[in-house]
Amino acid sequence: MSRRVVVEADGGSRGNPGPAAYGAVLKDAATGAVLGEDGTAIGVATNNVAEYSGLIAGLELARDLAPGATIEVRMDSKLVVEQMSGRWKVKHAAMKPLFEKARALAPAGTTYTWMPRAENAHADRLVNEALDGTRSGVTVPVDSLMEEIQGPADDAPYRGLPEPLAAPTTLILLRHGVTEHTTAKRFSGGLGGDNPGLSDEGREQVAEAARWLGELGDKLALVVASPVRRTRESADIAAAELGLEVVEEGGFAEMEFGDWDGMTFGEVAASDRERFDRWLGELTVAPPGGESFREVEDRVLAGLRRVLSSYAGKTVLVVSHVTPIKTLVAHAMGAGLASVFAMELSPASVSVISFYPDGRAELGRRGSLRLYNALAPGSRSLVDNGRW
């Protein structure tokens, strides 16, 4: 008997059309266990476009996480359910490409069930979190943080090497919790910026993450924090929960946004469009009075070298920001700095990188990405128990 899964999907627009997002959750039909979630903003769109986008995201989750499974789709959109079931025609020109994409993704035998809005609360929550800026992208469950970070299979290629070469330096990268700038989607830079502190929600997010990290016990040696207010506050919360010392590393501070600090993307685009467009595509372009991505990379990697030298072979909690964390991930994977434009990173998320000594260079690995954009189980404002 083939595996059966359930896709619950939703979409919403604040304005119709207006700022829109979708939510999708994939569950095991027999146990109800969550296999994956996706909540992503899609810009300005209608409710119907957002709902179809949620369906497509759910079907993609099923394709990637449960290949070959029989799928039941459940949505509170009568329009989408009836059109995908073949009972209603797709008349709106804008809906036809979305309908065709969903139909191509849906395996033979996929069924569609309408359910009341109140029963679609999980997907609806993902929609609103995406619209509020507290999550973005796909996450899948992590059963054990310890297994993800300390998995014995990861060391298999290195068995037989001298012991000093067998111990990586592992960085547990924690993004700070939300501030008033985060929720308003405003540029919020490093030491030269406005630097608002954590909101109540942000403090709760970091506390949840720290409790989750407590599973690592004495594996964690200390907390290394960016000295920016919101990261230092996050580090202090985590350190108090974990019983660890905090040291500051200026190399891990957020990018300096100069004149753009405190402004929204829309405000910057309206006032400085030419430079804004170049900044989004050119790694050497900086905001007026700020830093370029290349300049941030130089600073972050200098900080990384100091940490690897000072804490070789240890597991360190690093509390930092979006740009430095994505820069470290790109460096570890050898993906090139431009890859930061293709990454999403949620507030209070956890990513894990292990860096190996130079003696392993012949094996072609400067770093190993073990976890990306994971969120603590039980975090009420974020995705439950998730990983990118």
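For the structure, see preceding data.
Residues numbered from 1 in each chain as written. Predicted model: local features only at pLDDT ≥ 70, side-chain atom pairs only at ≥ 80, totals over all residues. Heavy atoms only, no water.

J.: Would you explain the pattern of salt bridges in this entry?
T.: Close approach of charged atoms lets side chains of opposite charge pair. Applying the stated criterion to the full structure yields 24 salt bridges. Measuring nitrogen to oxygen at the nearest pair gives 3.1 Å for the salt bridge that ties glutamate 72 to arginine 74. Residue class for glutamate 72 comes out buried when judged on its relative accessible area of 16%. In this structure arginine 74 comes out as partly exposed when scored by relative accessible area, which is 28%. A salt bridge links aspartate 277 to arginine 273; the shortest N-O distance between them is 3.1 Å. Of the two residues, aspartate 277 and arginine 273 are both situated in helix H10 (residues 273–281); the distance of four residues between them amounts to about one turn of the helix. Exposure remark for aspartate 277: the relative accessible area of 38% places this residue in the partly exposed category. Overlapping salt bridges, with partners in common, bring together Glu37, Arg125 and Glu129 in one network. (Salt bridge = Lys/Arg side-chain N within 4 Å of Asp/Glu carboxyl O. Buried < 20%, exposed > 50% of the residue type's maximum accessible area, 1.4 Å probe, protein only. Helix = DSSP H or I, 4+ residues; strand = E, 2+ residues; numbered from the N terminus.)

J.: What's the story with the packing of helix H7 (residues 200–213) against helix H8 (residues 229–242) in this structure? I'm lost.
T.: Helix-helix packing is described using two parameters, namely the angle between the two axes and the distance between the axes. Two numbers describe how H7 lies on H8: the axes approach to 9 Å, and their chain directions differ by 35°. As H7 packs across H8, the resulting crossing turns out to be right-handed. Only Ser234, Ile237, Ala238, Glu241 and Leu242 of H8 make contact with H7, whose side of the interface consists of Arg203, Val206, Ala207, Ala210, Arg211 and Leu213. Grouping the amino acids of the contact of H7 with H8 by side-chain chemistry returns seven nonpolar, one polar and three charged. (Axes fitted to C-alpha atoms, helices over the stretch in contact; angles between N-to-C directions. Left-handed = near helix turned anticlockwise from the far one by under 90°. Contact = heavy atoms within 4.5 Å. Nonpolar A, V, L, I, M, F, W, Y, C, P; charged D, E, K, R; others polar.)

J.: Help me understand the layout of surface pockets, please; the structure alone is not making it clear to me.
T.: Empty space among the atoms can be located by rolling a probe the size of a water molecule over them. Roughly 1,400 Å³ of internal volume is contained in the largest pocket. In terms of lining, the largest pocket is formed by 44 residues, of which the most central are Arg175, Lys185, Phe265, Val322 and Glu344. Elements supplying a minimum of two residues to the lining of the largest pocket: strand E2 (18–28), strand E3 (34–45), helix H4 (121–132), helix H6 (180–183), helix H9 (265–271), H10 and helix H12 (322–333). Looking at the lining of the largest pocket residue by residue, the classes come out as 20 nonpolar, 15 polar and nine charged. (1 Å grid on protein atoms, 1.4 Å probe; cavity = no way out; pocket = protein on both sides within 12 Å on 5 of 7 lines; lining within 4 Å. Points joined across faces, edges and corners; volume = space filled by probe spheres on them.)

J.: Whenever I open this one, helix H3 (residues 96–105) confuses me. Can you help?
T.: The α-helix advances 3.6 residues per turn, and as a result positions three or four apart in sequence lie on the same side. Looking only at H3, the buried set comprises Leu98, Phe99, Ala102 and Leu105. End-on, the buried residues of H3 take up no more than an arc of 130°, which puts them together on one face. With respect to the buried face of H3, the exposed residues turned more than 90 degrees away are Pro97 and Ala104. In this structure, the buried side of H3 is in contact with helix H1 (47–65) and helix H2 (78–84). (Arc of directions from axis to C-beta.)

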